[in-house]
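Chains, contacts and geometry: an overview
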Amino acid sequence: MTLTLPAGLTSHATVAASSANLGPGFDSLGLALGLYDEIAVETTDAGLIIEVDGEGAGQVPQTAEHLVVRALHRGLAAGGADAPGLVVRCRNAIPHSRGLGSSAAAVVGGLAAANGLLTQADLEPLSDAQLIQLSSEFEGHPDNAAAAVLGGAVVSWSDTRTTPTTYAAAPLRLHPDIHAFPAIPQVKSSTAETRVLLPDRVSHVDARFNLSRAALLVVALTERPDLLMVATEDVLHQPQRGPAMPASAEYVRLLRRCGVPAVLSGAGPAVLALTTSAELPREAVEFGTANGFTVSDMGVGEAVRWSSGVAVRR
(Lines give C-alpha, C1' and ligand atoms only; values in the text may rest on other atoms or scores of the structure.)
Protein backbone atom coordinates (compact mmCIF):
# COMPACT_ATOMS: atom_id res chain seq x y z
CA MET A 1 0.00 0.00 0.00
CA THR A 2 1.31 3.45 -0.97
CA LEU A 3 0.78 6.45 1.29
CA THR A 4 0.10 9.78 -0.43
CA LEU A 5 2.01 12.47 1.43
CA PRO A 6 0.15 15.61 2.49
CA ALA A 7 1.22 19.08 1.45
CA GLY A 8 3.55 21.02 3.71
CA LEU A 9 6.16 18.38 4.57
CA THR A 10 9.75 19.62 4.25
CA SER A 11 13.12 17.94 3.93
CA HIS A 12 16.75 18.93 3.46
CA ALA A 13 19.82 16.98 2.31
CA THR A 14 23.52 17.77 2.06
CA VAL A 15 25.69 15.52 -0.09
CA ALA A 16 29.39 15.50 -0.94
CA ALA A 17 31.33 15.38 -4.18
CA SER A 18 33.39 12.29 -4.81
CA SER A 19 36.33 10.94 -6.75
CA ALA A 20 36.14 7.40 -8.13
CA ASN A 21 38.70 4.79 -9.20
CA LEU A 22 41.64 6.52 -7.44
CA GLY A 23 43.84 5.03 -10.13
CA PRO A 24 43.62 1.23 -10.20
CA GLY A 25 40.29 0.71 -8.37
CA PHE A 26 38.11 0.96 -11.46
CA ASP A 27 34.39 1.18 -10.52
CA SER A 28 35.31 0.03 -6.99
CA LEU A 29 37.28 2.56 -4.94
CA GLY A 30 35.93 5.99 -4.09
CA LEU A 31 36.62 9.01 -1.91
CA ALA A 32 34.16 11.68 -0.78
CA LEU A 33 35.43 15.25 -1.05
CA GLY A 34 34.54 18.28 1.05
CA LEU A 35 32.44 20.05 -1.57
CA TYR A 36 28.68 19.86 -1.10
CA ASP A 37 25.36 20.21 -2.89
CA GLU A 38 22.25 21.07 -0.86
CA ILE A 39 18.68 20.06 -1.64
CA ALA A 40 15.53 21.42 -0.01
CA VAL A 41 12.15 19.82 -0.72
CA GLU A 42 8.54 20.65 0.15
CA THR A 43 5.47 18.59 -0.70
CA THR A 44 2.49 20.32 -2.34
CA ASP A 45 -0.96 19.30 -3.52
CA ALA A 46 0.07 19.17 -7.18
CA GLY A 47 2.68 20.22 -9.71
CA LEU A 48 6.45 20.48 -9.80
CA ILE A 49 8.63 23.52 -9.21
CA ILE A 50 12.42 23.23 -9.54
CA GLU A 51 14.86 25.98 -8.60
CA VAL A 52 18.60 25.57 -9.21
CA ASP A 53 21.33 27.91 -7.99
CA GLY A 54 25.02 27.48 -8.74
CA GLU A 55 26.32 24.69 -10.95
CA GLY A 56 23.89 23.63 -13.64
CA ALA A 57 21.59 26.64 -13.26
CA GLY A 58 19.82 27.22 -16.56
CA GLN A 59 21.24 23.98 -17.99
CA VAL A 60 19.66 21.04 -16.17
CA PRO A 61 16.04 20.10 -17.02
CA GLN A 62 13.29 21.82 -15.05
CA THR A 63 11.01 18.81 -15.45
CA ALA A 64 10.37 15.43 -13.85
CA GLU A 65 13.51 14.24 -15.70
CA HIS A 66 15.67 16.27 -13.31
CA LEU A 67 17.93 13.71 -11.63
CA VAL A 68 17.13 14.88 -8.10
CA VAL A 69 13.40 14.64 -8.79
CA ARG A 70 13.73 11.16 -10.29
CA ALA A 71 15.70 10.00 -7.24
CA LEU A 72 13.20 11.62 -4.88
CA HIS A 73 10.30 9.72 -6.44
CA ARG A 74 12.32 6.49 -6.43
CA GLY A 75 13.17 6.92 -2.76
CA LEU A 76 9.57 7.66 -1.82
CA ALA A 77 8.35 4.65 -3.76
CA ALA A 78 10.89 2.40 -2.03
CA GLY A 79 9.64 3.71 1.31
CA GLY A 80 5.97 3.19 0.45
CA ALA A 81 4.93 6.75 -0.35
CA ASP A 82 4.33 9.20 -3.17
CA ALA A 83 3.95 12.97 -3.42
CA PRO A 84 1.39 14.53 -5.79
CA GLY A 85 3.37 17.78 -5.90
CA LEU A 86 6.88 18.97 -5.06
CA VAL A 87 8.96 22.09 -4.77
CA VAL A 88 12.64 21.20 -5.16
CA ARG A 89 15.40 23.73 -4.53
CA CYS A 90 18.99 22.79 -5.38
CA ARG A 91 22.07 24.76 -4.38
CA ASN A 92 24.90 23.16 -6.32
CA ALA A 93 28.61 23.60 -5.63
CA ILE A 94 29.86 20.38 -7.28
CA PRO A 95 31.04 21.06 -10.86
CA HIS A 96 29.17 19.12 -13.51
CA SER A 97 30.88 16.77 -15.99
CA ARG A 98 34.32 17.07 -14.39
CA GLY A 99 34.70 13.64 -12.76
CA LEU A 100 33.65 14.75 -9.26
CA GLY A 101 30.48 12.71 -8.88
CA SER A 102 27.89 15.42 -9.54
CA SER A 103 25.32 12.94 -10.87
CA ALA A 104 25.89 10.56 -7.96
CA ALA A 105 25.47 13.48 -5.56
CA ALA A 106 22.19 14.45 -7.23
CA VAL A 107 20.84 10.92 -6.91
CA VAL A 108 22.04 10.33 -3.35
CA GLY A 109 20.79 13.77 -2.34
CA GLY A 110 17.36 13.11 -3.83
CA LEU A 111 17.10 9.75 -2.07
CA ALA A 112 18.24 11.26 1.22
CA ALA A 113 15.72 14.08 0.89
CA ALA A 114 13.06 11.39 0.42
CA ASN A 115 14.12 10.00 3.79
CA GLY A 116 13.29 13.29 5.45
CA LEU A 117 9.78 13.16 4.01
CA LEU A 118 9.28 9.50 4.90
CA THR A 119 10.09 10.07 8.57
CA GLN A 120 7.53 12.88 8.80
CA ALA A 121 4.93 10.43 7.56
CA ASP A 122 5.99 7.93 10.25
CA LEU A 123 7.48 5.64 7.60
CA GLU A 124 10.84 3.88 7.92
CA PRO A 125 13.69 5.79 6.23
CA LEU A 126 15.94 4.03 3.74
CA SER A 127 19.05 2.47 5.26
CA ASP A 128 22.58 3.18 4.04
CA ALA A 129 22.55 -0.18 2.26
CA GLN A 130 19.34 0.79 0.46
CA LEU A 131 20.71 4.22 -0.43
CA ILE A 132 23.80 2.59 -1.94
CA GLN A 133 21.73 0.03 -3.86
CA LEU A 134 19.22 2.50 -5.27
CA SER A 135 21.75 5.22 -6.14
CA SER A 136 24.07 2.69 -7.80
CA GLU A 137 21.18 1.44 -9.92
CA PHE A 138 20.91 4.97 -11.30
CA GLU A 139 24.67 5.21 -11.84
CA GLY A 140 25.40 1.70 -13.09
CA HIS A 141 28.42 1.50 -10.77
CA PRO A 142 28.74 2.01 -7.00
CA ASP A 143 32.00 3.89 -6.41
CA ASN A 144 30.82 7.51 -6.48
CA ALA A 145 27.40 6.70 -5.03
CA ALA A 146 28.82 4.71 -2.11
CA ALA A 147 31.32 7.47 -1.28
CA ALA A 148 28.51 10.04 -1.31
CA VAL A 149 26.39 7.90 1.01
CA LEU A 150 29.06 6.79 3.49
CA GLY A 151 31.58 9.64 3.26
CA GLY A 152 35.36 9.18 3.45
CA ALA A 153 37.01 6.40 1.48
CA VAL A 154 35.07 3.32 0.41
CA VAL A 155 35.48 -0.03 -1.28
CA SER A 156 32.41 -0.94 -3.30
CA TRP A 157 31.39 -3.94 -5.35
CA SER A 158 28.61 -5.28 -7.53
CA ASP A 159 27.14 -8.68 -8.35
CA THR A 160 25.74 -8.92 -11.88
CA ARG A 161 24.60 -12.49 -11.27
CA THR A 162 21.54 -11.12 -9.47
CA THR A 163 18.52 -9.36 -10.97
CA PRO A 164 18.69 -6.48 -10.45
CA THR A 165 22.44 -6.18 -10.01
CA THR A 166 23.37 -6.05 -6.33
CA TYR A 167 25.56 -3.16 -5.13
CA ALA A 168 27.26 -2.78 -1.76
CA ALA A 169 30.15 -0.98 -0.08
CA ALA A 170 32.30 -0.87 3.02
CA PRO A 171 34.03 2.20 4.50
CA LEU A 172 37.79 2.50 4.92
CA ARG A 173 39.46 4.29 7.80
CA LEU A 174 41.46 6.85 5.81
CA HIS A 175 44.92 7.60 7.18
CA PRO A 176 44.79 11.02 8.89
CA ASP A 177 47.98 12.27 7.18
CA ILE A 178 46.52 12.04 3.67
CA HIS A 179 45.57 15.29 1.93
CA ALA A 180 43.34 15.38 -1.15
CA PHE A 181 44.13 18.02 -3.78
CA PRO A 182 41.54 18.03 -6.56
CA ALA A 183 42.47 20.04 -9.65
CA ILE A 184 39.30 21.08 -11.47
CA PRO A 185 39.52 22.30 -15.08
CA GLN A 186 37.10 24.51 -16.99
CA VAL A 187 36.61 21.92 -19.74
CA LYS A 188 33.96 19.22 -19.35
CA SER A 189 33.73 15.55 -20.17
CA SER A 190 31.20 12.79 -19.58
CA THR A 191 31.67 9.28 -18.25
CA ALA A 192 29.62 7.88 -21.15
CA GLU A 193 31.91 9.55 -23.69
CA THR A 194 35.12 8.30 -22.11
CA ARG A 195 33.90 4.75 -21.35
CA VAL A 196 33.71 4.02 -25.08
CA LEU A 197 37.49 4.53 -25.18
CA LEU A 198 38.01 1.47 -22.98
CA PRO A 199 38.59 -1.94 -24.57
CA ASP A 200 36.08 -4.74 -24.02
CA ARG A 201 38.88 -7.16 -23.06
CA VAL A 202 42.15 -6.79 -21.18
CA SER A 203 45.14 -9.10 -20.87
CA HIS A 204 45.88 -11.25 -17.83
CA VAL A 205 49.08 -9.24 -17.44
CA ASP A 206 47.21 -5.94 -17.19
CA ALA A 207 44.49 -7.43 -14.98
CA ARG A 208 47.12 -8.84 -12.63
CA PHE A 209 48.89 -5.48 -12.50
CA ASN A 210 45.74 -3.60 -11.53
CA LEU A 211 44.62 -6.22 -9.03
CA SER A 212 47.90 -5.87 -7.17
CA ARG A 213 47.76 -2.07 -7.21
CA ALA A 214 44.12 -1.90 -6.09
CA ALA A 215 44.85 -4.23 -3.17
CA LEU A 216 47.94 -2.21 -2.29
CA LEU A 217 45.94 1.04 -2.50
CA VAL A 218 43.69 -0.11 0.35
CA VAL A 219 46.83 -0.57 2.47
CA ALA A 220 48.20 2.81 1.37
CA LEU A 221 44.97 4.67 2.11
CA THR A 222 44.55 3.18 5.57
CA GLU A 223 48.00 2.36 6.97
CA ARG A 224 50.89 3.12 4.62
CA PRO A 225 50.50 6.42 2.75
CA ASP A 226 54.18 6.14 1.80
CA LEU A 227 53.00 3.51 -0.70
CA LEU A 228 50.55 5.83 -2.48
CA MET A 229 52.80 6.46 -5.48
CA VAL A 230 53.10 2.83 -6.54
CA ALA A 231 49.60 1.99 -5.30
CA THR A 232 47.95 4.56 -7.61
CA GLU A 233 49.49 3.10 -10.78
CA ASP A 234 46.94 2.00 -13.38
CA VAL A 235 46.97 0.45 -16.86
CA LEU A 236 43.27 -0.29 -17.42
CA HIS A 237 41.61 3.08 -17.98
CA GLN A 238 43.82 6.16 -17.54
CA PRO A 239 46.18 5.53 -20.50
CA GLN A 240 43.15 4.91 -22.72
CA ARG A 241 41.34 8.07 -21.61
CA GLY A 242 44.41 10.29 -21.62
CA PRO A 243 44.36 11.29 -25.30
CA ALA A 244 40.79 12.62 -24.91
CA MET A 245 41.95 15.02 -22.16
CA PRO A 246 45.59 15.87 -22.89
CA ALA A 247 45.95 18.67 -20.32
CA SER A 248 44.66 16.41 -17.54
CA ALA A 249 46.87 13.50 -18.61
CA GLU A 250 49.91 15.78 -18.71
CA TYR A 251 49.05 17.18 -15.28
CA VAL A 252 48.93 13.66 -13.84
CA ARG A 253 52.33 12.91 -15.40
CA LEU A 254 53.84 16.17 -14.11
CA LEU A 255 52.59 15.62 -10.57
CA ARG A 256 53.97 12.09 -10.52
CA ARG A 257 57.34 13.32 -11.88
CA CYS A 258 57.34 15.72 -8.92
CA GLY A 259 56.82 12.78 -6.56
CA VAL A 260 53.11 13.44 -5.95
CA PRO A 261 50.71 10.47 -6.29
CA ALA A 262 48.12 11.68 -8.79
CA VAL A 263 45.29 10.15 -10.82
CA LEU A 264 42.40 11.14 -13.02
CA SER A 265 39.36 11.80 -10.85
CA GLY A 266 36.83 9.25 -12.04
CA ALA A 267 36.57 9.55 -15.80
CA GLY A 268 38.22 12.99 -15.70
CA PRO A 269 38.94 15.62 -16.65
CA ALA A 270 39.57 16.63 -13.01
CA VAL A 271 42.82 15.39 -11.49
CA LEU A 272 43.24 14.20 -7.91
CA ALA A 273 46.50 14.27 -5.95
CA LEU A 274 46.73 12.23 -2.75
CA THR A 275 49.69 13.14 -0.62
CA THR A 276 50.92 13.51 2.94
CA SER A 277 52.30 16.95 2.13
CA ALA A 278 50.31 20.04 3.10
CA GLU A 279 51.05 21.69 -0.23
CA LEU A 280 51.90 20.80 -3.82
CA PRO A 281 55.26 21.57 -5.46
CA ARG A 282 55.49 25.03 -7.00
CA GLU A 283 55.94 23.59 -10.50
CA ALA A 284 52.68 21.68 -10.15
CA VAL A 285 50.75 24.70 -8.91
CA GLU A 286 52.08 26.86 -11.76
CA PHE A 287 51.14 24.24 -14.36
CA GLY A 288 47.62 24.06 -12.97
CA THR A 289 47.17 27.83 -13.05
CA ALA A 290 48.57 28.12 -16.57
CA ASN A 291 46.27 25.39 -17.87
CA GLY A 292 43.00 26.51 -16.30
CA PHE A 293 42.86 24.17 -13.30
CA THR A 294 41.54 25.31 -9.94
CA VAL A 295 43.61 23.47 -7.33
CA SER A 296 42.79 23.31 -3.62
CA ASP A 297 43.55 21.29 -0.52
CA MET A 298 40.08 19.91 0.02
CA GLY A 299 39.03 18.03 3.12
CA VAL A 300 37.53 14.57 2.94
CA GLY A 301 33.76 14.63 2.49
CA GLU A 302 31.27 13.55 5.14
CA ALA A 303 28.43 11.07 4.79
CA VAL A 304 25.17 12.32 3.29
CA ARG A 305 23.03 14.17 5.82
CA TRP A 306 19.28 14.59 5.74
CA SER A 307 16.77 16.28 7.97
CA SER A 308 13.05 16.69 8.36
CA GLY A 309 12.28 19.91 10.17
CA VAL A 310 15.29 20.94 12.27
CA ALA A 311 17.37 17.96 13.39
CA VAL A 312 19.99 16.76 10.92
CA ARG A 313 20.15 12.96 10.76
CA ARG A 314 22.31 10.20 9.31
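In what follows, the accompanying structure is described. Note that the structure is a prediction, hence the values are computed from the model and not measured. (Residues numbered from 1 in each chain as written. Predicted model: local features only at pLDDT ≥ 70, side-chain atom pairs only at ≥ 80, totals over all residues. Heavy atoms only, no water.)

Brief notes about the overall build of the chain
Of the regular secondary structure elements, the chain holds 10 helices and 14 strands. For 314 residues, the compact-globule formula gives about 20 Å, and the C-alpha radius of gyration of the chain, at 20 Å, lands near that figure. Each of the three principal axes of the chain carries a C-alpha extent, and together these read 60 × 45 × 35 Å. When burial is assessed residue by residue, the chain has 51% of its 314 residues classed as buried. Put simply, of all contacts in the chain between residues at least 6 apart along the chain, 73% involve residues at least 24 apart. (Helix = DSSP H or I, 4+ residues; strand = E, 2+ residues; numbered from the N terminus. Rg over C-alpha atoms; globule rule 2.2 N^0.38 Å. Buried < 20%, exposed > 50% of the residue type's maximum accessible area, 1.4 Å probe, protein only. Contact = heavy atoms within 4.5 Å.)

A closer look at unusual backbone geometry
The omega torsion across Thr 163 and Pro 164 is -5 degrees, close enough to zero to call that bond cis. In this structure, the amide linkage connecting Gly 268 to the following residue, Pro 269, adopts the cis form with an omega of 5 degrees. If you trace the backbone, Pro 269 turns up in the loop between strand S10 (262-264) and strand S11 (271-275). One non-glycine residue, Asn 21, lies in the positive phi region at around 80 degrees. Mapped onto the secondary structure, Asn 21 falls in the loop between strand S2 (10-20) and strand S3 (29-44). Given the relative accessible area of 3%, Asn 21 is considered buried. Not every positive phi belongs to a glycine, and Asp 122 is a case in point at roughly 60 degrees.

Focus on the sheet that holds S11
What the four strands build is an open sheet, ordered S10-S11-S9-S12; its pairing is antiparallel. At either end of the open sheet lies a strand with only one pairing partner, and these are S10 and strand S12 (294-295). With two bridges connecting them, strand S9 (residues 179-184) and S12 associate as antiparallel partners. Among the inter-strand pairings, Ala 183 is bridged to a residue of S12, identified as Val 295. Packed on one face of the sheet, helix H9 (residues 246-257) meets S9, S10, S11 and S12 and runs near 165 degrees to S10. (Pairing = 2+ DSSP bridges. Axes fitted to C-alpha atoms, helices over the stretch in contact; angles between N-to-C directions.)

A word on the side chain of Ser 265
Structurally, the position occupied by Ser 265 is in the loop between S10 and S11. When sequence neighbours within four positions are dropped, the list of residues in contact with Ser 265 reads Ser 18, Ser 19, Ala 20, Arg 98, Gly 99, Leu 100, Ala 270, Val 271 and Leu 272.

A word on helix H6 (residues 204-222)
In an α-helix there are 3.6 residues to a turn, and that puts residues three or four apart on one side. Between the first and last C-alpha of H6 there are 28 Å, a value that for 19 residues agrees with the 27 Å anticipated at 1.5 Å per step. When H6 is considered as a whole, its buried residues turn out to be Asn 210, Arg 213, Leu 217, Ala 220 and Leu 221. For H6, the angular spread of the buried residues around the axis is 80 degrees, confining them to a single face. More than 90 degrees from the buried face of H6, the exposed residues found are His 204, Arg 208 and Leu 211. On the buried face of H6, the contacting elements are S3, strand S8 (166-172), helix H7 (228-231) and S11. (Expected span 1.5 Å × (residues − 1). Arc of directions from axis to C-beta.)

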